[in-house]
Each structure stands twice: as C-alpha cells, then as structure tokens.
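Report on the structure
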Amino acid sequence: MTTPEDAPEKRFTDLKLSQKMLDALEAARYQVPSPIQAGVIPIALEGKDVLGQARTGTGKTAAFGIPIIETIPPGKGPHALILVPTRELAVQVRDEIAKLSKGMSIQCVAIYGGKPIRGQMDKLKRNPEIVVGTPGRVIDHMTRNSLNLEKLSVVVLDEADRMLDIGFRPDIEKILRRCPQERQTMLLSATVPPPIERLANRYMNDPVKIDFSPTNISADTIEQHYFTVDGPKKMELLIRLLRREQPTKCIVFCRTKRGTEKLFQRLQKKTKLVRCIHGDMHQGARNRTITDFKANRYRILIATDVVGRGIDISDVTLIVNYDVPEYSDDYVHRVGRTGRMGKEGVAYTFVTPEEGNQLTRIEMRIDKLLIRDEIEGFDPYVKTAVETSPPHSRDVNSDTPEEEKDGPPKKTPRRRHRRAL
Ligand code: AMP
C-alpha cells in the first residue's frame, strides 16, 4: 500500500503529460498536482488498475480524469465510463473533464436520472469519448441500446463506498459484467470496507492500492466544535451562531428532507441569503441552487447528506451539523465540504443531551475530540418546571480536555462584510 508520504513532491511537468494537457492545466490554474494526482497519474498512465482511497476535495477527479484524457483514442466512443453515486457528482465530474480537455476534441456526456432520457440518447448517438453516469441511468441506456460498452478501455467507480451505500451494487456488477474484460479499472472510495474489497477482487486486475485515507479529513485546517443543545432550541442557536460567525459561505446539514425544508422556511423569514437543496427538488432547481451558491448569490445552503456529499464548492467557510449525522462517515463527508485544498474552515455540530454516544462515535472515527463551544448569554436548554438542565454527559466527564474546563475557546475576530443576519 502506498501512502501520500511516500510520494515525492512533483510538478505536472514531471508526470509525462502532453503539451495540450499541460496547457489545459495552466488554463485551469492548477499549478502543482495534489498528492493523489501525483500518486495516481503515473500508475494510471501505465494502464494499471488503481484502488485509491480518497475523499472528494483532494483532486481525485483529475487524478483519474487526466490519465483518461491522455490515453483514450479520439472519436467513436465511449472509451471511458465513469460511474458516480449522485446526479450532482455526475455534473461536477463532467465539468471537470471538460476543463481538463480544453482545446482537445474530446466529448464528455453526463447521463443521470431526473433528466429526460431522449436528450441524453441524442448526445450518446454522437459517440462521445467519455460518459459519466449514475448506475441506474447507465443501465437504463444499456437496456435501450443507446449506450454501447464494447469500446470501453477504462472504467472508473467514483465514490464506490457511497454507491454501495445507496444500493447500487447489483447495478454496478451488471454494468461491469458487460464491460470488455480487457480494460483498465480505477476505483476511488473514501473508505474500503469488505464489500468494496470484494468488488475490487472480483472485477479488478491486481490493482495498485494507494491510500489517501479520510482520517486526514479532520485536517489541521478545519476547526471542529460542538454545542450541547435541546432540540427545540436548535433554531435559536443556529441564528445566534450565524450572527456571531457572519459566514461568507455556509452549509447547514439536516438529516431529513422534511427537516431541511422546514428549517429553510423558518430561516427564510430571517434572511434572504438562504436556500435549500434536497432530493425532492427537481434537478433543474438543484443545479440552479448549486450554481448560485458557487456564484455567491446567497450565503447559507441548507442540505441533506446525499445531496451535500460530493458537491464541490471550494470556499465554504462554515459547516453546521444542525442534526448529528446518522453515520460517522457522513460527518467526515459533511465536514470535508470546508477546509478544502488547504483553505481554512470551521465546523459546528449541534448535539442534544441524548446524543452523547453519537458524538463519541464521531470522535472515535476521526480520532480527535471536538471542542465544546457556547454562545454568550444563550441558554441551550428548554426550561422545565424544576429548572433542571441536564448537561451533556461529556461536560461532566473526567476526561474532558483541559481547554474545555476553562470554558469555551477564545474566538479570533472574523472579517466584516455584509451581514446575512
Ligand atoms: P475533487 O476532489 O476532484 O472534487 O477536486 C476538488 C477541487 O480541487 C476542484 O474544484 C478541482 O477543480 C480542484 N483541483 C483539483 N486539482 C487541483 C490542482 N492540482 N490544483 C488546484 N486545484 C485543483
């Protein structure tokens, strides 16, 4: 297993790339390869199978995208198929491929549910070199004979763990069985649990394993805090936190679509600079919400996990876990929306007194303690007749870290700008 530390510092010019590719990278303003790119590109260019453990935000798309663009023959495709778990990621990967193949005659088409199949069929008729798609829609096109896999020389399984989580395993296996045996397979996954290993053993040819594992997610660039709060006081806490932090770009994560919508309706009464995104919305509205967020047309995005995961928005300064995520891995992915590509970010998690165990599980997962925070003058507990506000179990725990015993950490003043709240 190779680890990032093993990889010496490289430049794109060290990676034996074509001049056209170097020009595209310059136009994209990518100055140096990210560690996963430096690790994966040379191996992939040799045609070997790669199993890369990496999360979104590490530059993984270009890590498999660059070798694909460099090696596939022009015309009469598809020569490469990239399977992704969500529609958003399909669009994002397609856009990244378009950026990396600037000035080259390479067509990349995204096929995913929620969009009329006809338009996609027309695009596939032009035999694009690269197809990015969600497994369900790919199967749909295979059944209609609008997608022919015979010429494939590369298959990528992006965010493979997520695809299995969502239940795409039968679809993925069906697709892989229909792909030519003689091919290169790249699998990217934030985690490599046994089902992923089984998939790799079955459908990959002696893959080179490269570990850029997500334990690096809680990188030093992300401050991670938690608040103890009773459920009914969460909304007030959120408003006070947003007032205190004045984020330029913030994502608030909720556990359910309904919860997301409800919080949006309530927050909308306080500020116009808020939108929400969840799976019940039409694809067009979802795409617009993401584009507007990237273009800074509003500040606060309220999102669910599936939609939030994988979206590439590089300058998010603040993450709020309004609800503790159901799975610790989702915490890793949520918090990974900030502090990307070395930028700084802060994440706050709202924990109700009953959710102490979930907090502990997250801390074990990231191998780091979250720092307790408080808002001055705000009582996070609902008043009861006898005025008992049960503190969070961690507050009375003897292994509470020293800095917590001294009260909430001192905050560094943040830059002033137009206030959202
Ligand atoms: P990804 O992990 O593929 O979602 O990439 C995260 C973000 O990093 C995207 O906005 C990419 O466009 C950007 N990116 C990828 N590689 C580089 C690089 N070498 N230098 C600067 N930005 C990059």
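Structure first, text after, so check above.
We now turn to the structure provided with this report.

**Considerations on unusual backbone geometry**
Residues Gly77 and Pro78 are joined by a peptide bond in cis, for which omega reads 0°. Its location among the elements puts Pro78 in the loop between α3 (60-71) and β2 (80-83). A positive phi is found at Asn296, a non-glycine position, where the angle reads about 60°. Along the chain, Asn296 falls in the loop between α12 (283-294) and β11 (300-303).

**Considerations on the packing of aromatic side chains**
Applying the stated criterion across every chain yields a total of 4 aromatic pairs. Between Tyr322 and Phe350, the aromatic rings sit 5.8 Å apart at their centres with planes inclined by 45°, giving tilted as the arrangement. Separated by 28 residues along the polypeptide, Tyr322 in the loop between β12 (318-321) and α14 (328-335) and Phe350 in strand β13 (residues 345-351) bring together distant segments of the chain. Here the two residues Tyr322 and Phe350 agree in accessibility, since each one is buried. A connected cluster of aromatic rings, assembled from ring pairs, spans Phe227, Tyr322, Tyr348 and Phe350. A cation over a ring is seen here: Lys234 above Tyr322, with NZ or CZ 5.4 Å from the ring centre. The ring of Phe293 carries the charged tip of Lys249 above its face, separated from the ring centre by 5.5 Å.

**A word on the side chain of Asp158**
With respect to the element layout, Asp158 can be found in the loop between β5 (154-157) and α7 (160-165). When residues no more than four places from it in sequence are discounted, the contact partners of Asp158 are Lys60, Phe64, Ile82, Leu83, Val84, Pro85, Leu89, Val93, Met163 and Leu188.

**Observations regarding the packing of helix α8 (residues 169-178) against helix α9 (residues 194-203)**
With their axes 12 Å apart at the nearest point, α8 and α9 run at an angle of 10° to one another. Taken together, α8 and α9 sit at an angle that is classed as roughly parallel. Contacts from Arg169, Ile172, Glu173, Leu176 and Arg177 of α8 reach α9 at Pro195, Leu199, Arg202 and Tyr203. Tallied by class, the residues present in the contact of α8 with α9 amount to 5 nonpolar, no polar and 4 charged.

**Overview of the sheet that holds β12**
Backbone hydrogen bonds hold the strands of a sheet together, and the pairing may be parallel or antiparallel. Strand order in the open sheet formed by 7 strands is β10-β11-β9-β12-β13-β8-β14, with parallel pairing between adjacent strands. Here the strands that pair on one side only, and so sit at the sheet edges, are β10 (274-277) and β14 (371-372). Sheet topology note: the strand β9 (residues 250-253)/β11 ladder contains 4 bridges and is parallel. What sits directly across from Cys250, in β11, is Ile300. Contacts from helix α10 (residues 234-245) reach β8 (222-228), β9, β11, β12 and β13 within the one sheet, and its direction differs from that of β13 by about 160°. Sitting on the sheet, α12 touches β9, β10 and β11, and the angle it makes with β10 is about 135°.

Here is what the cut-offs are and how they apply
- Residues numbered from 1 in each chain as written.
- Predicted model: local features only at pLDDT ≥ 70, side-chain atom pairs only at ≥ 80, totals over all residues.
- Heavy atoms only, no water.
- Helix = DSSP H or I, 4+ residues; strand = E, 2+ residues; numbered from the N terminus.
- Phe/Tyr/Trp six-rings, centres within 6.5 Å; stacked < 30°, edge-to-face > 60°.
- Buried < 20%, exposed > 50% of the residue type's maximum accessible area, 1.4 Å probe, protein only.
- Lys NZ or Arg CZ within 6 Å of the ring centre and 35° of its normal.
- Contact = heavy atoms within 4.5 Å.
- Axes fitted to C-alpha atoms, helices over the stretch in contact; angles between N-to-C directions.
- Parallel < 35°, antiparallel > 145°, perpendicular 65-115°, else oblique.
- Nonpolar A, V, L, I, M, F, W, Y, C, P; charged D, E, K, R; others polar.
- Pairing = 2+ DSSP bridges.

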